Amino acid sequence: MSNTKKKVLLVGETWLSSATHFKGFDQFGSVTFHSGAEPLIKALQGSAFDLTHMPAHEAVEKLPFDLDGLNAYDAILLSDIGASSLLLHPDVWLHGKTVPNRLKLLKEWTAQGGGLAMIGGYFSFQGIDGRARWRRTPVEDVLPVECLPYDDRIEVPEGFSAVVDTDSNHPILNGLDGKWPLLLGANEVRLKPEAGIEVLASLPEDQGGHPLLVTGAFGNGRTLAWMSDVSPHWLPASFSDWPGYTALWRNALGWLTRL
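Structural notes, computed from the coordinates. (Residues numbered from 1 in each chain as written. Predicted model: local features only at pLDDT ≥ 70, side-chain atom pairs only at ≥ 80, totals over all residues. Heavy atoms only, no water.)

Moving on, we come to the overall build of the protein chain. Of regular secondary structure, the protein chain possesses nine helices and 14 strands. Taken over the C-alpha atoms alone, the protein chain extends approximately 60 × 45 × 40 Å along its principal axes. Expressed as a percentage of the 259 residues in the protein chain, the buried residues total 49%. In the protein chain, the proportion of contacts linking residues at least 24 apart, taken out of those at least 6 apart, comes to 69%. As displayed, the protein chain has an accessible area near 12400 Å², and 51% of this comes from carbon and sulfur atoms. The positive charge centre, built from 21 side chains, and the negative charge centre, built from 30, are 5 Å apart in the protein chain. (Helix = DSSP H or I, 4+ residues; strand = E, 2+ residues; numbered from the N terminus. Buried < 20%, exposed > 50% of the residue type's maximum accessible area, 1.4 Å probe, protein only. Contact = heavy atoms within 4.5 Å. Areas by Shrake-Rupley, 256 points an atom, 1.4 Å probe, with all protein chains shown as cover. Lys, Arg positive; Asp, Glu negative; His and termini not counted. Charge placed at Lys NZ, Arg CZ, Asp CG, Glu CD.)

See below:
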């Protein structure tokens, strides 16, 4: 058996914030870089997966523009990064030039056998004010769920515990017995009416019973949608510190990459 690790690309899960500080008459500004990727990076340390993290601002220009580049990875995770970041390369946005459509390339890459996942957030699925804009894109074609045409956030400040399909024998749920820690939000989506799609976990009925963790297939590839986050605020430290967090993501990537 080969000891070669599976190559995983995490795209997004970073942001910059700008603040203005007022001190009496005086003021100054500051810019801070934030990353929500650390819990997932930590969970995959020492595993069968070699994770590369491509921050959102780098993905605008560095996500590959051909299948050869995408084929360097066994799985690609899109996390809290809007469709426009992959559509509006500077050559398009600033100079009116043409570039390959990377959303179409991701669809083709998945059909040929790649493992594609979307992780929830303010710029996942349709996102805050509908600005993530994954609806009616080639990437949505691949996912096992459909995006809503409007702001899809479900904010649950009191927290909710996932309703897990205990009758499922899906490998992603291996070792995840018992109640999961609380989550604080998710993106609302609709299941696609297609064979082979499996809902592994949902929000509770008092929060609408919406899908939380769904698997599917597209062509020769596998797809996954996790509608909550990988880190705060929707996924508190109590969840990422839970041993099941590591098991969940190692299992999910194992399934996506056919490990």
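Turning our attention to the pairing of strand β1 (residues 6–12). Most of β1 sits out of view: five of its seven residues are buried. Here β1 runs beside strand β4 (residues 49–54); their pairing, made up of six bridges, is parallel. Looking across to β4, one finds that L10 is bridged to H53. Relative to strand β5 (residues 75–79), β1 runs parallel, the two being bridged by five bridges. Along β5, the bridge assignment pairs L10 with L77. (Pairing = 2+ DSSP bridges.)

Take the side chain of E13 next. By secondary structure assignment, the location of E13 is in the loop between β1 and β2 (14–23). Among buried Asp, Glu, Lys and Arg side chains, E13 stands out as unpaired, with R153 the closest opposite charge at 14 Å. Beyond its immediate stretch of four places on either side in the chain, E13 contacts H34, S35, G36, A37, H53, S79, D80, D229, V230 and S231. (Salt bridge = Lys/Arg side-chain N within 4 Å of Asp/Glu carboxyl O.)

This paragraph deals with the side chain of N187. Along the chain, N187 falls in strand β10 (residues 183–187). A distance of 2.9 Å separates a polar side-chain atom of N187 from the backbone nitrogen of G121. There is a polar contact of 2.9 Å between the side chain of N187 and the side chain of D152. Setting aside anything within four residues of it in sequence, one finds N187 in contact with G120, G121, S124, F125, G127, D152, I154, M227 and W234. (Polar contact = N/O pair within 3.5 Å; in protein donor to acceptor, adjacent residues only side chain to side chain.)

With mixed pairing, eight strands are arranged side by side in an open sheet as β4-β1-β5-β6-β14-β13-β12-β9. Two strands in the sheet have a free side with no partner beyond their single neighbour: β4 and β9 (163–164). Docked against the sheet, helix α9 (residues 243–256) engages β1, β4, β5, β6 (115–119), β13 (211–218) and β14 (221–226), running at close to 155° with respect to β14. (Axes fitted to C-alpha atoms, helices over the stretch in contact; angles between N-to-C directions.)

Turning our eyes to something else, we now look at the pattern of salt bridges. Applying the stated criterion across every chain yields a total of five salt bridges. The residue K107 makes a salt bridge to D141 at a minimum N-O spacing of 2.9 Å. On the criterion of sequence distance, the pair formed by K107 in helix α6 (residues 102–111) and D141 in helix α7 (residues 138–142) is long-range, its members being 34 residues apart. The closest approach of N and O atoms between D129 and R131, which form a salt bridge, is 3.9 Å. Take R131: its relative accessible area is 54%, and that puts it in the exposed class. Three or more residues joined by partner-sharing salt bridges are found here, namely D151, R153 and E155.

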